Amino acid sequence: MSGAQKPLSLRPHHGLCIRYFAGKGYSEAFVQNMRQVIARLQDAPEQPVRLRAEVDAVCTACPHNLQGACETAEKVARYDAACLTLCGLQNGQVLPWSAFAGRVHQNIIAPGRLAEVCRGCRWLSVCLAEQAE
Ligand code: SF4
């Protein structure tokens with residue numbers, strides 16, 4: 001990991017949203033920002049990410065981000081907690097994006113636990129369809 005790179009703030013469950021992003025989202029601005037975040041991580045897999053259960057780089061352009069507070073904070077905090085627990089990671093931990101994506105794959109995606117983590121998410125059917133392809 002390059003010590004010179006500033007960590008990118010990322011909600012833990014967004015490791016799953018990024019994996020299954022299919023160009024759909026809460027608004028056009030949200031989709032554009034999501035594409036930029038994904039491109040940044042794909043271009044630099046060693047980019048460090050700081051896993052924080054709070055509004056992040058993805059939430060920046062979200063219409064549900066009300067001055068730094070998610071409208072569905074309780075629900076997404078549950079997704080974040082489940083993601084961290086299954087991946088064996090801590091809130092606030094910093095690690096390379098590639099290492100985090102690997103943990104998400106190994107501990108949630110490969111064992112088929114996506115629906116368990118994201119229960120109640122309006123996008124779950126989209127992500128499950130992506131997974132089935
Ligand atoms: S719904 Fe909440 S957690 Fe999801 S992108 Fe919007 S502000 Fe962030």
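This text follows the structure it describes.
What counts, and at which threshold
Residues numbered from 1 in each chain as written. Predicted model: local features only at pLDDT ≥ 70, side-chain atom pairs only at ≥ 80, totals over all residues. Helix = DSSP H or I, 4+ residues; strand = E, 2+ residues; numbered from the N terminus. Rg over C-alpha atoms; globule rule 2.2 N^0.38 Å. Buried ≥ 20, exposed ≤ 12 C-beta atoms within 10 Å, placed from the backbone. Contact = placed C-beta atoms within 7 Å. Pairing = 2+ DSSP bridges. Axes fitted to C-alpha atoms, helices over the stretch in contact; angles between N-to-C directions. Near = placed C-beta within 6 Å. Nonpolar A, V, L, I, M, F, W, Y, C, P; charged D, E, K, R; others polar. Expected span 1.5 Å × (residues − 1). Arc of directions from axis to C-beta.

Student: Would you mind showing me how to read the overall build of the protein here?
Tutor: Helices and strands together make up the secondary structure of the protein, namely six helices and five strands. Element order for the protein, N to C, with α for helix and β for strand: β-α-α-β-β-β-α-β-α-α-α. A compact globule built from 133 residues should have a C-alpha radius of gyration of about 14 Å, and the protein, at 14 Å, falls within 12% of that. Its C-alpha atoms put the protein at 40 × 35 × 30 Å along the principal axes. A buried classification covers 26% of the 133 residues belonging to the protein. Looking at the protein alone, contacts between residues at least 24 apart form 74% of all its contacts between residues at least 6 apart.

Student: What am I meant to see in the sheet that holds strand β5 (residues 94-96) here?
Tutor: Across a sheet, paired strands are connected by hydrogen bonds in the backbone, their directions being either parallel or antiparallel. Ordered by their spatial adjacency, three strands build an open sheet running β1-β2-β5, and the pairing between neighbours is mixed. In the strand order of this sheet, the two ends are held by β1 (8-10) and β5, each with one partner. When strand polarity is set aside, the average angle formed by the axes of neighbouring strands in this sheet is 35°. Lying over the sheet, helix α4 (residues 97-109) contacts β2 (48-51) and β5, oriented at roughly 90° with respect to β5.

Student: For this particular structure, what's the right way to read the site of the ligand?
Tutor: Close contacts around the ligand come from Arg11, Val55, Val58, Cys59, Cys62, His64, Asn65, Cys70, Thr72 and Val76, and that covers them all. The residue makeup of the shell around the ligand, split by class, is six nonpolar, three polar and one charged.

Student: Help me out: how do you make sense of helix α2 (residues 28-43) in this one?
Tutor: Working note: α-helix, 3.6 residues per turn, so residues spaced by three or four point in the same direction. Relative to the 22 Å expected for 16 residues at 1.5 Å per residue, α2 spans 22 Å between its end C-alpha atoms, a close match to the ideal helical length. When α2 is considered as a whole, its buried residues turn out to be Met34, Val37 and Leu41. Buried residues in α2, looked at end-on, bunch into an arc of 65°, giving them a common side. Across α2 from its buried face, at more than 90 degrees, point the exposed residues Glu28, Gln32, Ala39, Gln42 and Asp43. Structurally, α2 contributes buried residues whose contacts are with α1 (14-20) and α4.

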